[in-house]
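Examining the three-dimensional arrangement
Each chain is listed here by its residues.
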Amino acid sequence: MGKLKDLTDLETLRERLLKEQNPDQPVVRVCLGPSCLALGADKVAQAFKSTIRKKGVRAAVQPLIKETGCHGFCSQGPLVSLSPSNLFYVGVKTEDVPDIVETSLVKGEVLERLLYSDNGTGYRSAADIPFYKLQQKIILRNVGLLDPLDINDAIQAGAYRSLAQILTQMSPEEVIETVTISGLRGRGGGGFPTGFKWLRAREYARVNPGPVYIVGNGDEGDPGAFMDRAIMEGDPHLILEGMAIGAYALGAKQGFIYVRDEYPFAIRTLQIAIEQARRLGLLGKNILGSVLSFDLQINRGAGAFVCGEETALLASIEGRVGEPVTRPPYPVEQGLWQRPTVINNVETWANVPHIIEKGANWYANLGVPHSTGTKIFSLVGKVRNTGLVEVPMGITLGGIVEEIGGGVPGQDTFKAVQTGGPSGGIIPYELKELPPEDLKYDRLGLQARGFSPTELKQLQVDFESLAQAGSIMGSGGMIVMDDHDCVVDVARYFLRFLEEESCGKCLPCRLGLTGMLEFLDNFARGRGTPADIDALESLGQALVDGSLCGLGKSAPNSVLTSIRYFRDEYLAHIVDHKCPGGVCRDLITFSIDPETCNGCGLCAKHCPEACITGKKKKLFTINTADCIRCGVCRDVCPVNAVQVT
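Residues numbered from 1 in each chain as written. Predicted model: local features only at pLDDT ≥ 70, side-chain atom pairs only at ≥ 80, totals over all residues. Heavy atoms only, no water.

**Concerning the overall build of the protein**
Summing up its helical and strand segments, the protein has 24 helices and 21 strands in all. The C-alpha radius of gyration of the protein comes to 27 Å, within 12% of the 26 Å expected for a compact globule of 645 residues. With the C-alpha coordinates aligned to their principal axes, the bounding extent of the protein is approximately 75 × 65 × 45 Å. Within the protein, the proportion of its 645 residues that are buried is 56%. The long-range share in the protein, meaning contacts at least 24 apart out of those at least 6 apart in sequence, stands at 71%. Accessible area of the protein: about 26700 Å², with a carbon and sulfur share of 50%. (Helix = DSSP H or I, 4+ residues; strand = E, 2+ residues; numbered from the N terminus. Rg over C-alpha atoms; globule rule 2.2 N^0.38 Å. Buried < 20%, exposed > 50% of the residue type's maximum accessible area, 1.4 Å probe, protein only. Contact = heavy atoms within 4.5 Å. Areas by Shrake-Rupley, 256 points an atom, 1.4 Å probe, with all protein chains shown as cover.)

Now the structure itself:
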């Protein structure tokens, strides 16, 4: 089909595609998200195609195989969903495919062994599983349903309808007003009001006529984060449509999507989507026969974490070294090639079509005041149900980790959550009673807000509440820790990451991170004094006050919050020369409790140094002289017989 000339052509195409769709045709959707791919989902998809071809499935049930984006339930992959039966299978292997085809596609029966089961309850439909049931999917509603490489699939689901609406019914000023009223804030970490940013850019462009540029930031570099990746790989046309709407509102003719080079599938998916949109006239000159002419290009990042900062990102697009520069002027005043430039995270752009479709008031009523809408989080770490979740702003920390995530596995205790990536803070799950001298570290004001000492898990997850807790929303990474994690070690890990990724341009960041890391290295070895903790805090605050960009200003967050809420753990390292989490190698010794050991021998089997001796069904012991304190024995012991002293 040629280019769509107007709104009528778009709706005609949508109606034709919907009529051609057979509602009775089985559809097999195989998740090709990163976790499922790592577990062989691509081979599962190929097995479906070859099995159906070999079996010669009769035409009445000839299924359509769709390779989709991330379904979200990463801990249970590979994932396969069947419609119209709404069956949802987990942990699917290639050898399971013939049974699925024969039992579920041909006979219409349920393969019980592949259903997700929790506490003896098997769930046939994904919608009934607590992990999904408690979410509110808006941005991700089509991720996992659509074939991201097929624009027709997206158009059937309503893609580009909001773009057509604003081109025919709204002025640029009305679009900006709608986004402003919605309360949408940047999803990349800063949380700046999107509508206000757009308005400022349009005002500067009006005073200084010339080109205006827009940028989609997909440079997702936080360890453990994959929210942007899921959107780019699972529903790329949602981002393209959001940016086209922004281009109309701002008068931009050229846009850029900046994607880290470590995301080859996201780059491929976006490039295919851009080419398909151009062929249909949804990008390019006179889109849908309107005055809007707008095109996009992809720029690949080279893996520098600092290029997630907006001024460094713009420098990279221009071909310069990706280093931050002093603001003001801000990019909305002088961005790319000294022209007004609006940079929004790709998740922010993906919100825009939904706001146009359902209205500003609808969006403003989602979440909580000043933090409206939903937010996507990557839930990882010591939690049963890891994966991608979309929840309304203002949900409690406990709601995400316990109800959606299923809590901490086994008998371990939920200790803390690290939010916002390496620049975020470490928030305790249950805040113990603070001694009077430490109340200065309680910036939450728990008593004034009605919290009891053990109710920090009821902390709302929104921009303001996380900031009060000493953390940030960030792009949406959420790492859960249990009592086997050491906050000193975690803070040291993130600080080391940021030291390596710092551009080194400003002195506070260049020298301050190295100095802070020296303190933490000493603490992990049991060296230092309590006064060093105060010195570390002071140095961290100097970075916050003096660094040039957001990387340096937020880098101390994990250290400052861990000291604020886990000072006793720091003191245990320095004064008692013990690591309560059993992580810091210089401070721990492993032993096996003879009364608990069941003689299974798993510890000896997995020990890399062969320093565990014994016979099955009898007591095993650890030769401490040869032990390298790797902790493998503790991790594999089914009865928690391995003790750390």
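**Some remarks on the side chain of Ser-471**
Residue placement: Ser-471 occurs in the loop between α17 (463-468) and β17 (477-482). For Ser-471, a relative accessible area of 4% corresponds to the buried category. In this structure the side chain of Ser-471 is engaged in a polar contact, spanning 2.5 Å, whose partner is the side chain of Thr-419. At a separation of 2.7 Å, a polar atom in the side chain of Ser-471 contacts the main-chain amide nitrogen of Gly-425. Not counting residues up to four positions away in its chain, the partners in contact with Ser-471 are Thr-419, Gly-424, Gly-425, Ile-427, Leu-466 and Thr-561. (Polar contact = N/O pair within 3.5 Å; in protein donor to acceptor, adjacent residues only side chain to side chain.)

**What to know about the packing of aromatic side chains**
Summed over all chains, the structure comprises 17 aromatic pairs. Ring geometry for Tyr-213 and Phe-256: centres 6.2 Å apart, planes at 50°, overall tilted. Residue Tyr-213 is located in strand β7 (residues 213-218), and its partner Phe-256 is located in strand β8 (residues 254-260); the two are separated by 43 residues in the primary sequence. Judged by relative accessible area, which is 15%, Tyr-213 ranks as buried. Residue Phe-256 is classed as buried on the basis of its relative accessible area of 5%. Through a chain of ring-to-ring contacts, the aromatic side chains of Phe-73, Phe-88, Tyr-116, Tyr-123, Phe-131 and Tyr-132 assemble into a single cluster. Geometry around Phe-377 places Lys-375 over its ring, the cationic atom sitting 5.6 Å from the centre. (Phe/Tyr/Trp six-rings, centres within 6.5 Å; stacked < 30°, edge-to-face > 60°. Lys NZ or Arg CZ within 6 Å of the ring centre and 35° of its normal.)

**Brief notes about the sheet that holds β7**
The strand order across the open sheet built from four strands is β9-β8-β7-β10, with neighbouring strands paired in parallel fashion. Of all the strands in the sheet, the pair left with one neighbour each is β9 (295-301) and β10 (341-345). Taking each pair of neighbouring strands and ignoring which way they run, the sheet shows an average axis angle of 20°. Here seven bridges tie β8 to β9, and the two strands are oriented parallel to one another. Paired with Val-259 across the bridge in β9 is Arg-300. Set on the sheet, helix α12 (residues 264-279) makes contact with β8 and β9; between it and β9 the angle comes to about 170°. (Pairing = 2+ DSSP bridges. Axes fitted to C-alpha atoms, helices over the stretch in contact; angles between N-to-C directions.)

**A word on helix α1 (residues 7-20)**
A rise of 1.5 Å per residue sets the reference length of α1, with its 14 residues, at 20 Å; its end C-alpha atoms lie 20 Å apart and thus fit the reference within 8%. Along α1, the positions that sit buried rather than exposed are Leu-10, Leu-13, Arg-14 and Leu-17. Take α1 and look down its axis: the buried residues cluster within an arc of 100°, on one side only. Of the exposed residues in α1, the ones pointing more than 90 degrees away from its buried face are Thr-8 and Lys-19. Next to the buried residues of α1 lie α6 (151-156) and α7 (161-169). The backbone nitrogen of Thr-8 has a side-chain oxygen 3.1 Å away, supplied by the residue at the start of α1, namely Asp-6. (Expected span 1.5 Å × (residues − 1). Arc of directions from axis to C-beta.)

**A closer look at the pattern of salt bridges**
Applying the stated rule across the entire model yields 28 salt bridges. Lys-49 is the partner of Glu-67 in a salt bridge, and the nearest nitrogen-oxygen pair spans 3.0 Å. Taken as a pair, Glu-67 in strand β2 (residues 64-68) and Lys-49 in helix α3 (residues 41-55) lie far apart in primary sequence, 18 residues in all. Its relative accessible area of 30% is what places Glu-67 among the partly exposed residues. (Salt bridge = Lys/Arg side-chain N within 4 Å of Asp/Glu carboxyl O.)

**So, the pairing of strand β1 (residues 27-31)**
Extensive coverage of β1 is indicated by the burial of five of its five residues. The two faces of β1 match: Val-27, Arg-29 and Cys-31 on one face and Val-28 and Val-30 on the other face are all buried. The pairing of β1 with β2 spans five bridges and is classified as parallel. Directly across from Cys-31, in β2, lies its bridge partner Thr-68.

**Examining the pairing of strand β13 (residues 374-381)**
Buried residues dominate β13, accounting for seven of its eight residues. Relative to strand β14 (residues 387-392), β13 runs antiparallel, the two being bridged by six bridges. For Phe-377, the partnering residue across the bridge sits in β14 and is Val-389. Hairpin connection, β13 to β14: the antiparallel pair is bridged by five residues. The pairing of β13 with β17 spans four bridges and is parallel. The partner of Ser-378 across the bridge, within β17, is Gly-477.

**Topic: the nonpolar core**
Membership of the largest hydrophobic core comes to 188 residues, with the highest contact counts inside it found for Phe-48, Tyr-89, Trp-198, Leu-240, Phe-294 and Tyr-570. Sequence-distant contacts of Phe-294, defined by excluding residues within four places in its chain, comprise Ile-214, Met-243, Ala-244, Ala-247, Ala-252, Lys-253, Gln-254, Gly-255, Leu-283, Gly-284 and Ile-287. The next biggest cluster of nonpolar side chains, apart from the first, holds ten residues, and it includes Val-215, Tyr-258, Cys-307 and Leu-313. (Core = buried A, V, L, I, M, F, W, Y, C linked by side-chain atoms within 4.5 Å.)

**So, the confidence of the model for the protein**
Averaged over all residues, the pLDDT of the protein equals 90, while 95% of them reach at least 70. Note that residues 432-454 has pLDDT below 50 and, in this model, 34 contacts with residues that lie over four places away or in other chains. (pLDDT = per-residue confidence, 0-100.)

**Concerning the environment of Pro-148**
One can find Pro-148 in the loop between α5 (130-133) and α6. A relative accessible area of 8% means that Pro-148 is categorised as buried. As for Pro-148 and Ala-45, which are separated by 103 residues in sequence, their C-alpha atoms are 15 Å apart. Ignoring sequence-local partners within four residues, the contact set of Pro-148 consists of Glu-67, Thr-68, Gly-69, Glu-233, Gly-234, Pro-236 and Thr-269.

**Describing the environment of Glu-318**
Along the polypeptide, Glu-318 turns up in the loop between α13 (310-317) and β10. It is 7.1 Å that separates the C-alpha atoms of Glu-318 and Leu-336, two residues lying 18 residues apart in sequence. Excluding its chain neighbours within four sequence positions, the residues that come into contact with Glu-318 are Gly-335, Leu-336 and Trp-337. There is a polar contact of 2.9 Å between the side chain of Glu-318 and the side chain of Arg-320.

**Describing helix α14 (residues 346-358)**
Taking burial as the measure, the 13 residues of α14 include eleven buried ones, the bulk of the element. Listed in full, the buried residues belonging to α14 are Val-346, Glu-347, Thr-348, Trp-349, Ala-350, Asn-351, Val-352, Pro-353, His-354, Ile-355 and Ile-356. Where α14 begins, one side-chain oxygen reaches toward the backbone nitrogen of Glu-347, 2.8 Å away; that side chain belongs to Asn-345. Phi turns positive, to about 100°, at Gly-359, one or two residues after α14.

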